[in-house]
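Structure assessment
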Amino acid sequence: MTDTSLALDPAEMPSARRLPGDLAIWVFILAEMLAFAVFFASYAFARSKDVEMFNFYQQTLDRNAGAFNTLLLVTGSWFVVLAVQAAHRDDSRAAARRIGLGFLCGAGFLTVKVFEYAAKFGAGISLSTNTFYMFYISLTFFHFMHVILGMVILAILWVKTRQGAYGSRDAHGLESGAAYWHMVDLLWIVLFPLVYVMR
Amino acid sequence: MQYKSQAVAKPYFIAAIGLFVAQILFGLILGLQYVIGDFLFPHIPFNVARMVHTNALIVWLLMGFMGGAYYMIPEEAETELFSPKLALAMFWIFLVAAALTVAGYLLVPYSTLAAMTGNDILETMGREFLEQPLITKVGIVIVALAFLFNISMTVLKGKKTSISLVLLLGLWGLAVFFLFSFYNPVNVVLDKFFWWWTVHLWVEGVWELILGAFLAFVLIKTTGVDREVIEKWLYVIVTLTLITGIIGTGHHYYWIGTPEYWQWWGSIFSALEPIPFFAMTVFAFNMVNRRRREHPNKAAVLWALGTGVMAFLGAGIWGFLHTLAPVNYYTHGTQITAAHGHMAFYGAYVMVNLTIISYAMPILRGRAANSNKSQVMEMWSFWLMTIAIVFITLFLTAAGILQVWLQRASDTPLPFMVAQDKIALFYWMREWTGVVFLIGLLVYVASFFVGGREEKAA
């Protein structure tokens, strides 16, 4: 952390290197990503001890559902990008609509995931079945909770955007929330290939 | 002081320091019993001395938290305390209950105490740190609820700042998690599982919020840095604490009969627990470096910086040392744990209490800061106690490493008591360092009675 951290008002920074959103949300995002990074590294470590077992059980995962979910999250992120752009043009109505669409993408993700979990839990799989499933369930569940938190943030942003809280003069809060939502997306883009696809 | 009702903090602080002295005296008795097993036997057996040592610590820290909150909340909320009378009444109830409990520990056998205090109605006794008789536990809940009611009402009628909200969150959490001390299932795994909900979620969860709020308050007052900046830091620290600390509870679930995934969850999340403590260190130094005024109370600033450093070392580094499951497989329950426990409690919670006491006490006694002479003495006590605890920690760490080697890792492991005999040298060194700590504490107490030219009240 530099000496100037958390004291500079981003609005005072030169526009070329302006940090979108609040510095505090970036510290938060980095901490979250660090937690997932340690989790991913632990997965790699555990897998290296028993590659065959991991590969075997990886085949039981629903890759189509995972791929569809990836599409949903990337699309959701795209809507949120469009929302921030609309806010910068002072078009609050369009911004709110796009935040709403982003929220729906998140809801779609959760729905797909619930079906996926139902199938796995229905087959009697649990955290204690084996190390692969332990990681599969833990990682996707922690991510699942982050999607929910991201959607709560989007819901708040939707309400505030409709009230015209963000515009070309100040879209600080919206950018902060958008950055968090992109993180949820980014984590999945690492998680999906790592757990579902890579062999 | 700005608000008359802040004065109720004073008796809390005085009692806290008194119990601190008792805690250290019993610590020295205990330390000696490690090497002279029958010292003071049968009058004060080891298990009783240990109970008094740990319970006195917890109670004086709670006293300090309450006093600190009573001092801080009126100033933050910019209004008088909801009921100073209730606060004083609770002080006496708490103090008398604590004294009676300690007297009970010392005067009658523990089983007799249990029979005398209705442990058969609801069995809650006999568990480490939660040894208090049922009536004491109920008393703690009543005092805590009255205290929370008092400060919550004060905040509700006054200004709601981020710092007081974080403090309230921490204090309410403290009360809620204490309720698990009443839950004592017969199944030992479940017993331990929920026992940690009080013990771990206190010190590695909600207490950290209290710590952060106190530190933020003293830093605002002594450095003059903008509240906005300090509050943002506080939010970051609180978030990091909760992300890592809650599931970090898992590092206690490795070997107690809980499912194996706790070894992963506990390792991963608790490996990140040093981060909020590191953020606190950076926070404290950053704010003092960009200070806008020279506060006359230099001792308080020293304690604040010390908290940042020592909490990170004791809780962060010494915690990380043995938090990963493969390491903990060898180290759990050894002197490594004791080393971590001593430095973490001192660095985080003793020091933050001494920070708020150091800042508030002169003001409660009608001056902005103590005389230079008194502050110099206080700073001497800071260094004596802090260096002593560093060496206590190092000696216990050495003892722990040897113990792990002799008793667990070696090809020909020795029985526990044989290994203990072989590490006795480190226990002796710890005991002498403990004497230095006591001297530091006595210098600290003496600094309150030193006169000289004092800074006038602001």
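Fair warning: this is a prediction, and the values are worked out from it, not measured in the lab.

This part covers the overall build of chain B. Summing up its helical and strand segments, chain B has 16 helices and zero strands in all. In chain B, which comprises 458 residues, the share counted as buried stands at 52%. Contacts in chain B between residues at least 24 apart in sequence constitute 81% of all its contacts with a sequence separation of at least 6.

On to the overall build of chain A. A count of helical and extended segments in chain A gives six helices and zero strands. Starting at the N terminus and walking to the C terminus, you meet the elements of chain A as α-α-α-α-α-α. The principal-axis extents of the C-alpha atoms in chain A amount to approximately 55 × 40 × 20 Å. Considering only intrachain contacts with a sequence separation of at least 6, the fraction spanning at least 24 residues in chain A is 78%.

Low pLDDT means the predicted coordinates in that region are not meant to be read closely. With 92% of its residues at a pLDDT of 70 or more, chain A shows a mean pLDDT of 91. Predicted confidence for residues 1-5 of chain A stays below pLDDT 50, and this span has three contacts to residues more than four positions away or in other chains.

This brings us to the interface of chain B and chain A. On the side of chain A, 17 residues touch chain B, which itself brings 19 residues to the contact. Looking at the side of chain B that touches chain A, the elements that each hand over two or more residues are α8 (227-248), α9 (261-271) and α10 (274-289) of chain B. Looking at the side of chain B that touches chain A element by element, the count peaks at eight residues for α8 of chain B. Looking at the side of chain B that touches chain A residue by residue, the class counts come to 15 nonpolar, two polar and two charged.

This next bit is on the packing of α8 of chain B against α10 of chain B. Residue and element names in this part refer to chain B. Across the interface, α8 lies against α10 with an axial gap of 8 Å and an inter-helix angle of 165°. Relative to α10, the element α8 is oriented roughly antiparallel. The handedness of the crossing between α8 and α10 is left-handed. Contacts between α8 and α10 involve I230, W233, V236, I237, L240, T241 and T244 on the former and, on the latter, I275, P276, A279, M280, F283 and M287. Here the contact of α8 with α10 is composed, by residue class, of 11 nonpolar, two polar and no charged.

Time to look at helix α6 (residues 172-197) of chain A. Between the first and last C-alpha of α6 of chain A there are 37 Å, a value that for 26 residues agrees with the 38 Å anticipated at 1.5 Å per step. Where α6 of chain A bends most, at L191 of chain A, the angle is about 25°, and the proline P193 of chain A comes one to four residues later.

Within soluble globular proteins, side chains that are nonpolar tend to cluster in buried spots. Residues and elements named next belong to chain B. The biggest cluster of nonpolar side chains holds 189 residues, and the ones touching the most others in it are Y70, I210 and L215. At 20 residues, helix α2 (residues 46-77) tops the list of elements feeding residues into this core. Discounting chain neighbours no more than four positions away, the residues touching Y70 are Q6, V8, A9, Y12, L81 and A87.

Moving on to the packing of helix α1 (residues 9-35) of chain B against α2 of chain B. Residue and element names in this part refer to chain B. Put simply, α1 and α2 touch, their axes get as near as 8 Å, and they point 160° apart. Considering their axes alone, α1 and α2 lie roughly antiparallel with respect to each other. The chirality of how α1 crosses α2 is left-handed. Residue composition of the contact of α1 with α2, by class: 22 nonpolar, six polar and one charged.

Quick look at the environment of A86 of chain A now. One can find A86 of chain A in helix α3 (residues 63-88). Accessibility expressed as a C-beta count within 10 Å gives 22 for A86 of chain A, which makes it buried.

Residues and elements named next belong to chain B. As for its position among the elements, G64 is in helix α2. Given 28 C-beta atoms within 10 Å, G64 falls into the buried group. Separated by 78 residues in sequence, G64 and I142 place their C-alpha atoms 17 Å apart. Aside from chain neighbours lying at most four places away, what touches G64 is F13, A16, N353 and I357.

Time to look at unusual backbone geometry. Residues and elements named next belong to chain B. A cis amide bond, omega 5°, links F41 with the succeeding residue P42. Look at E78: it is not a glycine, yet its phi comes out positive at around 55°. Of note, E78 is situated in the loop between α2 and α3 (84-107). Residues other than glycine seldom take positive phi values, yet F129 does so here, at roughly 70°. Structurally, F129 is set in the loop between α4 (110-116) and α5 (134-157). Residue F129 is classed as partly exposed on the basis of its 15 C-beta neighbours within 10 Å.

This next bit is on the confidence of the model for chain B. When pLDDT is averaged along chain B, the result is 96, and 99% of the positions lie at 70 or above. Confidence estimates for the predicted assembly give a pTM of 0.92 and an ipTM of 0.85.

What counts as what
Residues numbered from 1 in each chain as written. Chains lettered and ligands numbered in written order. Predicted model: local features only at pLDDT ≥ 70, side-chain atom pairs only at ≥ 80, totals over all residues. Helix = DSSP H or I, 4+ residues; strand = E, 2+ residues; numbered from the N terminus. Buried ≥ 20, exposed ≤ 12 C-beta atoms within 10 Å, placed from the backbone. Contact = placed C-beta atoms within 7 Å. pLDDT = per-residue confidence, 0-100. Nonpolar A, V, L, I, M, F, W, Y, C, P; charged D, E, K, R; others polar. Axes fitted to C-alpha atoms, helices over the stretch in contact; angles between N-to-C directions. Parallel < 35°, antiparallel > 145°, perpendicular 65-115°, else oblique. Left-handed = near helix turned anticlockwise from the far one by under 90°. Expected span 1.5 Å × (residues − 1). Bend = angle between axes of the 7 residues up to and from the residue. Core = buried A, V, L, I, M, F, W, Y, C linked by C-beta atoms within 7 Å.

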